[in-house]
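This is what each chain is made of:
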Amino acid sequence: MKHYVIVNDWANEYESGTTILGVAHSMEEAKEIFNQSLADEKQYAEEHGLIIYDDCETVFDAGEDGYYISNHTNLYIQMV
């Protein structure tokens with residue numbers, strides 16, 4: 001049986017971390033959880049002038065040009 005983990009790997013100037021947003025048992029369920037956080041991550045990227053590197057149905061990746069490691073958000077679905 002496949003499982004899907006919805007993850008947000010993030011960093012800002014002061015801290016960083018990896019947040020598990022949920023575990024799903026179908027891709028459809030995983031996308032629902034993913035989409036619940038997607039608007040917030042897009043808003044964060046826009047407010048902080050981040051460059052969007054990937055924006056598809058299972059990945060949203062944005063970061064500060066030249067400083068990605070210290071300021072980014074990477075929301076994605078990982079099959080396990």
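Residues numbered from 1 in each chain as written. Predicted model: local features only at pLDDT ≥ 70, side-chain atom pairs only at ≥ 80, totals over all residues. Heavy atoms only, no water.

**Here's the deal with the nonpolar core**
Across soluble globular proteins, you tend to see nonpolar side chains buried next to one another.
Logical step 1: Counting 13 residues, the largest nonpolar core has Ile 6, Ala 24, Ala 30, Phe 34, Phe 60, Leu 75 and Ile 77 as the members making the most contacts within it.
Logical step 2: Element by element, the count of residues in this core is highest for helix α1 (residues 27-47), at five residues. (Core = buried A, V, L, I, M, F, W, Y, C linked by side-chain atoms within 4.5 Å. Buried < 20%, exposed > 50% of the residue type's maximum accessible area, 1.4 Å probe, protein only. Helix = DSSP H or I, 4+ residues; strand = E, 2+ residues; numbered from the N terminus.)

**Examining the sheet that holds strand β1 (residues 4-11)**
Logical step 1: Within the open sheet, the five strands sit side by side as β2-β1-β5-β4-β3. Their pairing is antiparallel. A single partner strand is all that each edge strand has here, and the edge strands are β2 (16-24) and β3 (51-55). The average undirected angle you get between the axes of adjacent strands in this sheet is 15 degrees.
Logical step 2: Where β1 and strand β5 (residues 72-79) come together, eight bridges link them in antiparallel fashion. Within β5, the position partnered with Tyr 4 by the bridge is Met 79.
Logical step 3: Those strands touched by α1 are β1, β2, β3, β4 (59-63) and β5, and its axis lies near 175 degrees from that of β5. (Pairing = 2+ DSSP bridges. Axes fitted to C-alpha atoms, helices over the stretch in contact; angles between N-to-C directions. Contact = heavy atoms within 4.5 Å.)

Bear in mind that shape data such as this cannot, by itself, settle questions of function.
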